[in-house]
Amino acid sequence: MSHRIMLVDDDARIRTSLRLAFEDEGYEVVDAASAEEAVDRFAEQPSDVVLLDLMLPGSDGFECCRELRRMSTVPIIMVTARTDTHDVVAGLEAGADDYVTKPFVAKELAARIRALLRRSKFAEDVPEVLRFGDVEVAPEEGTVRRDGQEVHCTRTEFRLLCELAASPGKVISRESLLDRVWGYDYFGDGRLVDVHVRRLRTKVEADPANPSHILTVRGMGYKLAP
Amino acid sequence: MGSRFSHLGLRSRVTLAFALGALILSASMGAITYLAARQVIIQQRKTSALHQAYVNASLVRSALRSPTPRIPELLDSLDTLPGSRSVLERRGQWFATSISIGKQALPRLLRAGVVGGSAATQSFLLSNTPELAVGIPVPSVDAAYFEVFSFGSVARTLRVLALALAGAALVTTIAGAVIGRWLSGRALRPLGTVSKAAVAIAGGRLDTRLPTDDSDLEPMARSFNHMADALVERIAREARFTSDVSHELRSPLTTLNTSLEVLETHSGELSSRASQALALIATELRRFGRMVTDLLEMSRVDSGAAELSTEEVAVGELVVHLATSSGAGVPAVLDPAVADRRVRVDKRRMERVAANLVDNAAQYAGGVTRFAAEHSAGRVRLVVADRGPGVAEEDRSRIFERFYRGTLSGRRGETQGSGLGLSLVAEHVKMHGGRVFVEARDGENRFVVELPLADEPVRAANDNADNAPSGREVPRR
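Owing to the predicted nature of the structure, the values given are computational and were not obtained by experimental measurement. (Residues numbered from 1 in each chain as written. Chains lettered and ligands numbered in written order. Predicted model: local features only at pLDDT ≥ 70, side-chain atom pairs only at ≥ 80, totals over all residues. Heavy atoms only, no water.)

**Points about the overall build of chain A**
Then step 1. Check the secondary structure of chain A and you find eight helices and 12 strands.
Then step 2. In chain A, buried positions account for 54% of the 226 residues.
Then step 3. Within chain A, counting contacts between residues at least 6 apart in sequence, those at least 24 apart form 59% of the total.
Then step 4. With an accessible surface of roughly 9800 Å², chain A has 47% of that area assigned to carbon and sulfur atoms. (Helix = DSSP H or I, 4+ residues; strand = E, 2+ residues; numbered from the N terminus. Buried < 20%, exposed > 50% of the residue type's maximum accessible area, 1.4 Å probe, protein only. Contact = heavy atoms within 4.5 Å. Areas by Shrake-Rupley, 256 points an atom, 1.4 Å probe, with all protein chains shown as cover.)

What follows is the structure, given as structure tokens:
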């Protein structure tokens, strides 16, 4: 079955060229020229992944990202003009899972999207339920509960939590988290991990500013307190 | 004073002017005081001397009228001022109260005049002491009375006065200099504030402003603040412009790249001539894309908008990855001394550094022959080596300048780069607190990127201070 990808960009030429390239890669493509159109199209026909340009007319890409995130846990890849602006962190904080920088290579992007969609395969020996403190993670069901209450996580957050919870007490470096969660070969952007950990903490920690479960190990990575 | 003292600082000149003013003022006041005091004292002393001499002369006259005058007793009985001595001449005979003064000691002209019948005074020096001799003829008894007054004490008084006045002038001059120095310091203090503010702005604290509460300095403070505002505005405008241009250029490039990929996917459907044209487009488009990226990157470095997003990574992993991502075509060679050490880098910038060095080797030297990490005195060296014609000695320092192509500049054609690649390498490495240089060794041309180790103890870093790059602060997120 082919995955459906939604392209949100105000530049019609980019939409057309990406549509051609992604259709060549076997995706079904839906596109939208504005944030409002994107939200409407998504509501009537949810896609499997969204490629979202942050520089949109009207209500901007960040708002669109937040709106889509309210509706769904769909993986969102944002498109930025630069890598070193606050845009990257702001976009990730608005709920994006990953980002690409223009000009990007559609083939590489398609491969990354495949990795993003493929990832819900876990190692065979993962127990049915992972527990730490008052948090319960059920990898097979894809649910997280805190104090018995279900917590809504995006797929990337959930996957990150599972990776941390699978080896409690062990420090996992940013690089291996990037590799295991995002499917990057080592050279991903550590900010992806940092912002997702921050987002996760607001969901599973009683006091996100003073985390008791997901701990930062300076210069090394993160670990889950058993 | 301008030309002669212009090499002095403003403060020194003000101090000098104050001291000179104080000196002229106090010296002239002192001189006037001295002359007036001298005039008054000497006049007074002269008047009292004359008065006493006339009193004594009339005493001598009445005493000599007696039939048997005893002249020595008479002279001793005269009322004299301290230090005054009497001399009496009667019918060619000379009498004196003091052995130090007699006929011979009196000035001859005075002696002759008075004996001849006219009263006179004369100042003279007797064994270096100023004296005033007063001579009064007493014709009724056929005598002449002389009295000699010592002005030694007056001279001493005047000397003390002169000394005191000179001392006062000296003190006033010094005080003038001190006040001048202090006042100029006070007056120049706002300049110090301005200079500090300018340094702060140059150092990147663009929100630095001067207070405008001093009404005298307000115009200067206002124009300074205005300048700072204009600067901030300009930087913001440039950053905005770069951002806009960046977006405007990147969007069509994305479309071009993506369409090219589509064409390449379907290249089987094209004739061989069309495929050839497509291959040309592909090569040129990639080069164009790289050029645009380099230019945008450079303009961001220039406008100060480039930020480092650093992470600590293991040298071994970094270099192995860089060898692959840059397309060096050779495996990374790791010095075991640094493979497990850590460096703090912006991964993306290091990718560009490696890619640009590899591109450079591909363009000018037939490709990379060795891609290695080496250890050097507490720092790590990323070495990208080739066996091409090398870089001429005189080009080695300039090759990292913008658009510099050195002796290769004549060789234009298929392998022409943007001319920005190596200068971007230098900028990126500088931002990391490292340095980059090119050297020829063992038949290799080595482009060396030297970076500080993140886990190196501070002591070792200091030991190699002479190796350290210029003291530019490394921006950290």
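**Quick look at the nonpolar core**
Then step 1. Membership of the largest hydrophobic core comes to 53 residues, with the highest contact counts inside it found for Val-50, Val-137 and Val-144 of chain A.
Then step 2. For this core, the domains that each give at least three residues are domain 1 (4-118) and domain 2 (130-224) of chain A.
Then step 3. Ignoring sequence-local partners within four residues, the contact set of Val-144 of chain A consists of Val-135, Glu-136, Val-137, Gln-149, Glu-150, Val-151, Cys-153, Phe-158, Leu-161 and Val-204 of chain A.
Then step 4. With 36 residues, the next largest nonpolar core counts Ala-354, Val-380, Ala-426 and Val-429 of chain B among its residues. (Core = buried A, V, L, I, M, F, W, Y, C linked by side-chain atoms within 4.5 Å. Domains from an automatic or database assignment.)

**Here's the deal with a negative patch on the surface**
Then step 1. On the surface, a cluster of negative charge is made up of Glu-128, Glu-140, Glu-141 and Glu-150 of chain A.
Then step 2. Mapped onto the fold, Glu-150 of chain A is located in strand E9 (residues 149-151). (Patch = residues over 30% accessible without salt bridge, like charges linked within 9 Å, V, L, I, M, F, W, Y side chains within 5 Å. Salt bridge = Lys/Arg side-chain N within 4 Å of Asp/Glu carboxyl O. Lys, Arg positive; Asp, Glu negative; His and termini not counted. Charge placed at Lys NZ, Arg CZ, Asp CG, Glu CD.)

**Quick notes on the pairing of strand E8 (residues 143-146) of chain A**
Residues and elements named next belong to chain A.
Then step 1. Sheet topology note: the strand E7 (residues 135-138)/E8 ladder contains four bridges and is antiparallel. Across the sheet, Ala-138 pairs through a bridge with Thr-143, a residue of E8.
Then step 2. Following E7, the chain reverses through four residues before pairing antiparallel with E8; Gly-142 in that reversal takes a positive phi of roughly 75 degrees.
Then step 3. The pairing of E8 with E9 spans three bridges and is antiparallel. Of the residues in E9, the one forming a bridge with Arg-145 is Glu-150. (Pairing = 2+ DSSP bridges.)

**Looking at the sheet that holds strand E12 (residues 221-224) of chain A**
Residues and elements named next belong to chain A.
Then step 1. The strand order across the open sheet built from three strands is E10-E12-E11, with neighbouring strands paired in antiparallel fashion. Since the sheet does not close on itself, it has two edges, and those belong to strand E10 (172-173) and strand E11 (214-217), each with one partner.
Then step 2. Summarising the sheet, E10 and E12 pair through two bridges and their orientation is antiparallel. In the sheet register, Ser-173 faces E12, and the bridge partner there is Gly-221.
Then step 3. Helix H6 (residues 155-166) rests against E10, E11 and E12 of the sheet, and its axis sits at about 70 degrees to E12.
Then step 4. Across the sheet, helix H8 (residues 190-204) lies against E11 and E12, angled at about 150 degrees from E11, the strand it touches most. (Axes fitted to C-alpha atoms, helices over the stretch in contact; angles between N-to-C directions.)

**Side note on the sheet that holds strand E5 (residues 98-101) of chain A**
Residues and elements named next belong to chain A.
Then step 1. Pairing within the open sheet is parallel, and its five strands lie in the order E2-E1-E3-E4-E5. The outermost strands of the open sheet, each flanked by one partner alone, are strand E2 (28-32) and E5. Averaged over all pairs of adjacent strands, the angle between their axes in this sheet comes to 20 degrees, without regard to strand direction.
Then step 2. With five bridges connecting them, strand E1 (residues 4-8) and E2 associate as parallel partners. From the neighbouring strand, Ile-5 faces E2, where its bridge partner is Val-29.
Then step 3. Lying on the sheet, helix H4 (residues 86-93) is in contact with strand E4 (76-80) and E5; it crosses E4 at an angle near 160 degrees.

**Thoughts on the packing of H4 of chain A against H8 of chain A**
To describe two helices that pack against each other, one gives the angle between their axes and the distance between the axes.
Residue and element names in this part refer to chain A.
Then step 1. Running from N to C, H4 and H8 cross one another at 35 degrees; their axes reach a closest spacing of 9 Å. With respect to the hand of their crossing, H4 and H8 are arranged in right-handed fashion. Only Arg-191, Leu-192, Val-195, His-196, Arg-198 and Arg-199 of H8 make contact with H4, whose side of the interface consists of Val-88, Val-89, Leu-92 and Glu-93.
Then step 2. A breakdown of the residues in the contact of H4 with H8 according to their chemical character gives five nonpolar, one polar and four charged. (Left-handed = near helix turned anticlockwise from the far one by under 90°. Nonpolar A, V, L, I, M, F, W, Y, C, P; charged D, E, K, R; others polar.)

**Re helix H5 (residues 106-118) of chain A**
Then step 1. Taking 1.5 Å of rise per residue, the 13 residues of H5 of chain A would be expected to cover 18 Å, and the 18 Å separating its terminal C-alpha atoms lies within 8% of that figure.
Then step 2. Among all positions in H5 of chain A, only Ala-106, Leu-109, Ala-110, Ile-113, Ala-115, Leu-116 and Leu-117 of chain A are buried. (Expected span 1.5 Å × (residues − 1).)

**Some remarks on the environment of Gly-83 of chain B**
All names here are of chain B.
Then step 1. Among the secondary structure elements, Gly-83 is positioned in the loop between helix H3 (71-77) and strand E1 (84-90).
Then step 2. Distance in space between the C-alpha atoms of Gly-83 and Phe-151 is 8.4 Å, their sequence separation being 68 residues.
Then step 3. Once you skip the residues sitting within four places of it in the chain, Gly-83 turns out to touch Val-148, Phe-149 and Ser-150.

**A word on the confidence of the model for chain B**
Residue and element names in this part refer to chain B.
Then step 1. Per-chain confidence: chain B averages 83 in pLDDT, with 90% of residues scoring 70 or above.
Then step 2. Confidence drops under a pLDDT of 50 for residues 409-415, and excluding neighbours within four residues, the segment shows five contacts in the predicted structure.
Then step 3. The low-confidence segment residues 458-477 (pLDDT under 50) makes 27 contacts with residues lying over four places distant or belonging to another chain. (pLDDT = per-residue confidence, 0-100.)

**With respect to the interface of chain A and chain B**
Then step 1. With 34 residues of chain A at the contact, the number on the chain B side is 34 residues.
Then step 2. Roughly 3000 Å² of surface becomes buried between chain A and chain B when both sides are summed, with 50% attributable to carbon and sulfur atoms.
Then step 3. The interface formed by chain A and chain B contains one salt bridge.
Then step 4. The tally of links from chain A across to chain B stands at eight residue pairs in polar contact (both at pLDDT 80 or more).
Then step 5. Sorting the residues of the side of chain A that touches chain B by element identifies helix H1 (12-24), H4, E5, H5, helix H7 (174-182) and H8 of chain A as the ones contributing at least two each.
Then step 6. Here the element with the most residues in the side of chain A that touches chain B is H1 of chain A; it accounts for seven residues.
Then step 7. In terms of residue class, the side of chain A that touches chain B is built from 14 nonpolar, seven polar and 13 charged. (Buried area = accessible area lost by both parts, 1.4 Å probe. Polar contact = N/O pair within 3.5 Å; in protein donor to acceptor, adjacent residues only side chain to side chain.)

**Observations concerning a nonpolar patch on the surface**
Then step 1. Taken together, the side chains of Phe-18, Ile-179, Trp-182 and Leu-183 of chain B make up a nonpolar region of the molecular surface, amounting to roughly 390 Å² of accessible area.
Then step 2. Looking at Ile-179 of chain B, the relative accessible area reads 43%, which means it is partly exposed.

**So, unusual backbone geometry**
Then step 1. Cis geometry marks the peptide bond from Lys-102 of chain A to Pro-103 of chain A, where omega comes out at -10 degrees.
Then step 2. Inspection of the secondary structure puts Pro-103 of chain A in the loop between E5 and H5.
Then step 3. Phi is positive for Arg-91 of chain B, close to 50 degrees, though the residue is something other than glycine.
Then step 4. Inspection of the secondary structure assignment puts Arg-91 of chain B in the loop between E1 and strand E2 (93-96).
Then step 5. A relative accessible area of 57% places Arg-91 of chain B in the exposed class.
Then step 6. In this structure, Ala-377 of chain B is a non-glycine residue whose phi angle is positive, near 45 degrees.
Then step 7. Mapped onto the secondary structure, Ala-377 of chain B falls in the loop between strand E9 (370-376) and strand E10 (379-386).
Then step 8. With a relative accessible area of 37%, Ala-377 of chain B lands in the partly exposed category.

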